[in-house]
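Reading the structure
Here is what each chain is made of, one letter per residue.
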Amino acid sequence: DIQMTQSPSSLSASVGDRVTITCRASQSISSYLNWYQQKPGKAPNLLIYAASSLQSGVPSRFSGSGSGTDFTLTISSLQPEDFATYYCQQSYSTPRTFGQGTKLEIK
Amino acid sequence: QVQLQESGPGLVKPSQTLSLTCTVSGGSISSGSYYWSWIRQPAGKGLEWIGRIYTSGSTNYNPSLKSRVTISVDTSKNQFSLKLSSVTAADTAVYYCARSGYYDSSGYYYYYFDYWGQGTLVTVSS
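Thresholds applied
- Residues numbered from 1 in each chain as written.
- Chains lettered and ligands numbered in written order.
- Predicted model: local features only at pLDDT ≥ 70, side-chain atom pairs only at ≥ 80, totals over all residues.
- Heavy atoms only, no water.
- Disulfide = S-S within 2.5 Å.
- Helix = DSSP H or I, 4+ residues; strand = E, 2+ residues; numbered from the N terminus.
- Buried < 20%, exposed > 50% of the residue type's maximum accessible area, 1.4 Å probe, protein only.
- Salt bridge = Lys/Arg side-chain N within 4 Å of Asp/Glu carboxyl O.
- Phe/Tyr/Trp six-rings, centres within 6.5 Å; stacked < 30°, edge-to-face > 60°.
- Pairing = 2+ DSSP bridges.
- Axes fitted to C-alpha atoms, helices over the stretch in contact; angles between N-to-C directions.
- Contact = heavy atoms within 4.5 Å.
- Buried area = accessible area lost by both parts, 1.4 Å probe.
- Polar contact = N/O pair within 3.5 Å; in protein donor to acceptor, adjacent residues only side chain to side chain.
- Nonpolar A, V, L, I, M, F, W, Y, C, P; charged D, E, K, R; others polar.

A few words on the state of the cysteines. Any covalent bond linking the sulfur atoms of two cysteines counts as a disulfide. All chains considered together, the criterion is met by two disulfides over all chains. Put simply, Cys23 of chain A and Cys88 of chain A are joined by a disulfide, and their sulfur atoms are 2.1 Å apart. Of note, the bridge from Cys23 of chain A to Cys88 of chain A carries an S-S torsion of about 70 degrees and is right-handed in sense. Remark: Cys88 of chain A occurs in strand S9 (residues 85-90) and Cys23 of chain A occurs in strand S3 (residues 19-25); sequence separation between them is 65 residues. As far as burial versus exposure is concerned, Cys23 of chain A and Cys88 of chain A are alike and both buried. Two residues share a disulfide in this structure: Cys22 of chain B and Cys97 of chain B, whose sulfurs sit 2.1 Å from each other. The chirality of the disulfide connecting Cys22 of chain B with Cys97 of chain B is right-handed, given an S-S dihedral of about 65 degrees. One end of the pair, Cys22 of chain B, is in strand S3 (residues 18-25); the other, Cys97 of chain B, is in strand S9 (residues 93-105), with 75 residues separating them in the sequence.

Here you go:
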């Protein structure tokens, strides 16, 4: 199985801050990397697919980059509705695996 | 707009079989090159992929659960289902069904989970 490791596990930030979350794969996954946002009691919501493609309807303040084993999700200017948990997920091989999550909290 | 809805018992006894169904609306489960997955999330924890089925009926399972999992599809009802046998308290979780959409980049298929059900909590307890 491909292990996905996110850092940090939690993060405190303020509205308007620029935030970066990192995801590392245990082996090269090319650009087969997706990012999701999950709010309490809700299903995850797709933000970024294929490492850097913005899902339709997702605000442009979200962006993704990386390839191989190292990836980042950046939120350019945090909005109140962005405080949530973020997960990366590889689609290079089965079993599909997720990172452990990064909880973004209000400072 | 595709919508998915999980249904099934919210309480299952230890050693019994957990059975859930996902009903797809807003599109045919048979159309397109989509996979249909089950994913679970224990309370306060991360996401675990259980397995998937293609519209042809071919399946892939997480090796950690493979001996206990069966995923099937009923195209006439636009549904797919999960069975997890010999459950224990460790199987208590919110269970999601999801569609794997894809991006075709010159024959390279980048899959992602683009539509999810709302999730259903299954508790394993006597």
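Across all of its chains, the model carries eight salt bridges over all chains by this definition. For Arg61 of chain A, the salt bridge is made with Glu81 of chain A, and the minimal N-O distance between the two is 3.4 Å. Residue Arg61 of chain A is located in the loop between strand S6 (53-54) and strand S7 (62-67), and its partner Glu81 of chain A is located in the loop between strand S8 (70-75) and S9; the two are separated by 20 residues in the primary sequence. A salt bridge links Asp114 of chain B to Arg99 of chain B; the shortest N-O distance between them is 2.7 Å. One end of the pair, Asp114 of chain B, is in strand S10 (residues 108-116); the other, Arg99 of chain B, is in strand S9, and 15 residues separate them in sequence. Asp114 of chain B sits in the buried class, given a relative accessible area of 16%. Overlapping salt bridges, with partners in common, bring together Arg40, Glu48, Arg68 and Asp91 of chain B in one network.

Residue and element names in this part refer to chain B. Per the stated rule, a full pass over the model turns up 21 aromatic pairs over all chains. Where Tyr34 meets Tyr102, the ring centres are 5.7 Å apart and the plane angle is 50 degrees; that geometry is what we call tilted. Here Tyr34 is found in the loop between S3 and strand S4 (35-41), whereas its partner Tyr102 is found in strand S9, with 68 residues between them in sequence. Relative to Tyr110, the ring of Tyr103 lies with its centre 5.9 Å away and its plane at 35 degrees, an arrangement referred to as tilted. Here Tyr103 falls in the partly exposed class, since its relative accessible area comes to 34%.

Here we take up the sheet that holds S8 of chain A. Residue and element names in this part refer to chain A. Here four strands make up an open sheet; going across it, the order is S1-S3-S8-S7 and the pairing antiparallel. Every interior strand has two partners, whereas the edge strands, strand S1 (4-7) and S7, have only one. Each strand axis lies, on average, 20 degrees off the axis of its neighbour in the sheet, ignoring direction. Direction of pairing for S3 relative to S8: antiparallel, over a ladder of six bridges. Within S8, the position partnered with Cys23 by the bridge is Phe71.

A word on the interface of chain B and chain A. Facing the 21 residues of chain B at the interface are 20 residues of chain A. Between chain B and chain A lies a buried interface of about 1,800 Å² when both sides are counted; carbon and sulfur atoms form 64% of it. Counting every contact that joins chain B to chain A gives seven residue pairs in polar contact (both at pLDDT 80 or more). Counting only elements with at least two residues in the side of chain B that touches chain A, the list comes to S4, strand S5 (48-54), S9 and S10 of chain B. Here the side of chain B that touches chain A takes eight residues from S10 of chain B, the largest share from any one element. By residue class, the composition of the side of chain B that touches chain A is 13 nonpolar, five polar and three charged.

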